[in-house]
2 protein chains.
Amino acid sequence: MLPKPLSDLVEELNKLPGVGPRTAERLAMAILRRGQGDAGMLADALQNLHQNIGECEACHNLSSQNLCSVCENPRRNTTVVAIVEDALDVIALERVESYDGVYHVLGGIISPVDGIGPEQLNLRTLEQRVADQSVEEIILATNPSVEGEATAHYIRRMFPNIRISRLARGLPMGSDLEYADQITLSRALEGRQAL
Amino acid sequence: MLPKPLSDLVEELNKLPGVGPRTAERLAMAILRRGQGDAGMLADALQNLHQNIGECEACHNLSSQNLCSVCENPRRNTTVVAIVEDALDVIALERVESYDGVYHVLGGIISPVDGIGPEQLNLRTLEQRVADQSVEEIILATNPSVEGEATAHYIRRMFPNIRISRLARGLPMGSDLEYADQITLSRALEGRQAL
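Residue numbers restart at each chain and count upward from 1, following the sequence in its written direction. Whichever chain is written first becomes A and whichever ligand is written first becomes 1, with later ones labelled in order. With the structure being a predicted model, the display of local features is reserved for residues of pLDDT at least 70 and the display and counting of side-chain atom pairs for 80 or more, all residues being used for whole-chain, interface and lining totals. As a rule here, side-chain values cover all heavy atoms of the structure and leave hydrogens and water aside.

J.: So, the interface of chain A and chain B: which residues are in play, and what are the values?
T.: By definition, residues are in contact when any of their heavy atoms lie within 4.5 Å. Taken together, the contact pairs 55 residues of chain A with 55 residues of chain B. Defined here as a combined quantity, buried area equals the accessible surface (1.4 Å probe) lost by two parts on assembly, summed across both. Taken together, both faces of the contact between chain A and chain B bury some 4800 Å²; the carbon and sulfur share is 73%. Counted as salt bridges are all cases of a side-chain nitrogen of Lys or Arg within 4 Å of a carboxyl oxygen of Asp or Glu. The tally of links from chain A across to chain B stands at four salt bridges. Two residues, Glu25(A) and Arg95(B), come together in a salt bridge whose shortest N-O distance is 2.6 Å. For this analysis, a polar contact is any N or O atom pair within 3.5 Å, provided that within protein one partner can donate a hydrogen and the other can accept it, and provided that sequence-adjacent residues contribute only side-chain to side-chain pairs. Counting every contact that joins chain A to chain B gives eight residue pairs in polar contact (both at pLDDT 80 or more). Numbered from the N terminus, helices here are DSSP runs of H or I no shorter than four residues, and strands are runs of E no shorter than two. Mapped by element, the contributors of at least two residues to the side of chain A that touches chain B are α1 (4-14), α2 (21-34), α3 (36-52), β2 (62-63) and α4 (87-96) of chain A. Charged means Asp, Glu, Lys or Arg here, nonpolar means Ala, Val, Leu, Ile, Met, Phe, Trp, Tyr, Cys or Pro, and polar covers whatever is left, Gly included. Of the residues that constitute the side of chain A that touches chain B, the class distribution is 30 nonpolar, 11 polar and 14 charged.

Following this line, the structure appears as structure tokens:
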């Protein structure tokens, strides 16, 4: 039904996560309406992407240089390392603007179902960093999922002699006690804080 | 915070309708993960888009040839013309698979707030089609919005001597009477059908 160049674009957009066939159509139509200039800019950005982005040598965060912006910043405290699943988590934590340590990006999470074991994650470089640098604390900032917890416990056992903490579990701001799930509520109780 | 090639892509994606900054980040990360091949295919589809798509000479529907797939189909009934706002509406109606007439795409809707009057719409070609062809019925398939209704009434006055209908207003399938808005319910009452 759609002209071929448009249905090609719809098909490509449809491959993106969270973009269903109807959304893909709407996006394609919007791109068509906004004209060739904007479509060209998006196409250029796509073509530049993989050519100019690599991993930070130290922490595996995304970077267009050898070191990412966190690792090359001399004011960051390298004795504290936050361990995250992927680069988007680094962005989320950086947004808080209250963390001055560095990161280590695992590049995934231990998930036997998906065939991902510890050897697929960036754990060897983590061991090396801990051995080479004077790391004093590791903050486990994996997601609060089954896989995230399993990965956290695995890393916990890797470094028996280092202070290891993880992000607090509890009620998210603005939530409603009434609608909180049982696990969240039980974690909030366990981790209750002196007031 | 993000490496430049990635933030460039996020910025471009963020310009699309319904794609906020967080969604744009997620999409960009997904594109990054899926590798250069897929990003290149999307880029190619974008670059081909405007070069190969134009308007159907007869009905202003999108087409990569002179005539769109509806207009060049000899089995379509050219005595019935459905008038729609844009090409996406054609797709929606074609999906129903029960309409065998042809279309006329207005390319917009009368909206004084946005500075769009009748002269900006494809109405001159509509007049010509009606004069040249043996059009027997016009179906007004503009959206059930204030602007859609205004446009429908304008077109109604343009062709006093032709049978003109519009899509029925009423309760959508699967909806709940209890939650229907007043206008929809009043239209459903006015347009009640013999059972």
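J.: Just give me the short version of the sheet that holds strand β3 (residues 77-84) of chain B, but keep the residues and values in it.
T.: The strands making up a sheet associate through backbone hydrogen bonding, with each pair oriented either parallel or antiparallel. Residue and element names in this part refer to chain B. Any two strands with at least two DSSP bridges between them are considered paired. One open sheet accounts for four strands, arranged β4-β3-β5-β6; its pairing is parallel. Each edge of the sheet is formed by a strand with only one pairing partner; in this case those strands are β4 (101-105) and β6 (163-166). Shown here is a sheet whose adjacent strand axes are inclined to one another by a mean of 25 degrees, direction ignored. Pairing geometry for β3 and strand β5 (residues 137-140), over four bridges, is parallel. Bridge pairing in β5 links Ala-82 to Ile-139. Axis geometry follows a simple rule: fit a line to the C-alpha atoms, using only the stretch in contact for helices, then measure angles between N-to-C directions, giving values from 0 to 180 degrees. On top of the sheet, helix α4 (residues 87-96) reaches β3 and β4; it is set at about 160 degrees to β4, its chief contact.

J.: Lay out helix α5 (residues 124-132) of chain B in plain terms, naming residues and giving numbers.
T.: All names here are of chain B. Burial classification: accessible surface area is computed with a 1.4 Å probe over protein chains only, and a residue below 20% of its type maximum counts as buried, one above 50% as exposed, and the rest as partly exposed. Buried within α5 are the following residues: Leu-126, Arg-129 and Val-130. An end-on view of α5 places all buried positions within 95 degrees of arc, on one side of the element. Among the exposed residues of α5, those oriented more than 90 degrees off its buried face are Arg-124, Ala-131 and Asp-132. Residues of α5 that are buried in the fold lie against β3, β4, β5 and α6 (146-158). Arc, as used here, means the arc of the directions from the helix axis to the C-beta atoms.

J.: Give me the lowdown on the relation of the copies chain A and chain B, citing residues and values where you can.
T.: With an RMSD of 0.0 Å, the operation that places chain A on chain B is a rotation of 180 degrees combined with a shift of 0.0 Å along the axis. What the rotation and shift describe, once combined, is the action of a two-fold rotation axis. It is Ala43(A) whose C-alpha, among those of chain A, lies nearest the rotation axis, at 2.1 Å. Looking at chain A, 100% of its interface residues are interface residues in chain B too, so the copies touch through the same face. Least-squares fitting of one copy onto the other uses the C-alpha atoms of those residues that reach a pLDDT of at least 70 in both copies.

J.: I'd like a rundown of the packing of α3(A) against helix α3 (residues 36-52) of chain B, residues and numbers included.
T.: To describe two helices that pack against each other, one gives the angle between their axes and the distance between the axes. Where α3(A) meets α3(B), the closest approach of the two axes is 9 Å, and the angle between their N-to-C directions is 165 degrees. What the angle tells us is that α3(A) and α3(B) run roughly antiparallel. At the point where α3(A) passes α3(B), the crossing takes the left-handed sense. Only Gln36(B), Ala39(B), Leu42(B), Ala43(B), Asp44(B), Leu46(B), Gln47(B), His50(B) and Gln51(B) of α3(B) make contact with α3(A), whose side of the interface consists of Gln36(A), Ala39(A), Leu42(A), Ala43(A), Asp44(A), Leu46(A), Gln47(A), His50(A) and Gln51(A). Residues of the contact of α3(A) with α3(B), tallied by class, amount to eight nonpolar, eight polar and two charged. We call two directions roughly parallel when the angle between them is under 35 degrees, roughly antiparallel when it is over 145, roughly perpendicular when it lies between 65 and 115, and oblique otherwise. Crossings are assigned a handedness: left-handed for a near helix turned anticlockwise from the far helix by less than a right angle, right-handed for a clockwise turn.

J.: Run through the pairing of β4(B), naming residues and quoting values.
T.: All names here are of chain B. Buried residues dominate β4, accounting for five of its five residues. Pairing geometry for β3 and β4, over five bridges, is parallel. Within β4, the residue paired with Ala-82 across the bridge is Tyr-103. Considered for its hand, the β-α-β crossover made up of β3, α4 and β4 is right-handed. Viewed with both strands pointing away, a crossover whose connecting path from the first strand over the helix to the second turns clockwise is right-handed.

J.: Give a description of the side chain of His50(B) that names residues and reports values.
T.: Its place among the elements puts His50(B) in helix α3. At 2.8 Å, the side chain of His50(B) and the backbone oxygen of Leu32(A) are in polar contact. If near-sequence neighbours (up to four positions away) are discounted, His50(B) is found in contact with Ile31(A), Leu32(A), Gly35(A), Gln36(A) and Ala39(A).

J.: Summarise unusual backbone geometry; cite the residues concerned and give the values.
T.: Glycine aside, a negative phi is what most residues show, and trans is what most peptide bonds show. Residues and elements named next belong to chain B. Positioned with a positive phi, His-60 is a non-glycine residue whose angle comes to about 70 degrees. Here His-60 lies in the loop between β1 (54-55) and β2 (62-63). On the basis of relative accessibility, which here comes to 13%, the residue His-60 falls in the buried class. A positive phi is found at Glu-97, a non-glycine position, where the angle reads about 60 degrees.

J.: Explain the pattern of salt bridges to me, and be specific about the residues and the numbers.
T.: Residue and element names in this part refer to chain A. A complete count under the given rule lists 20 salt bridges over all chains for this structure. Note that Lys-15 is salt-bridged to Glu-12, the shortest N-O span being 3.1 Å. For Glu-12, a relative accessible area of 7% translates into the label buried. One connected set of salt bridges, linked through shared partners, spans Glu-149, Arg-166, Arg-169 and Arg-187.

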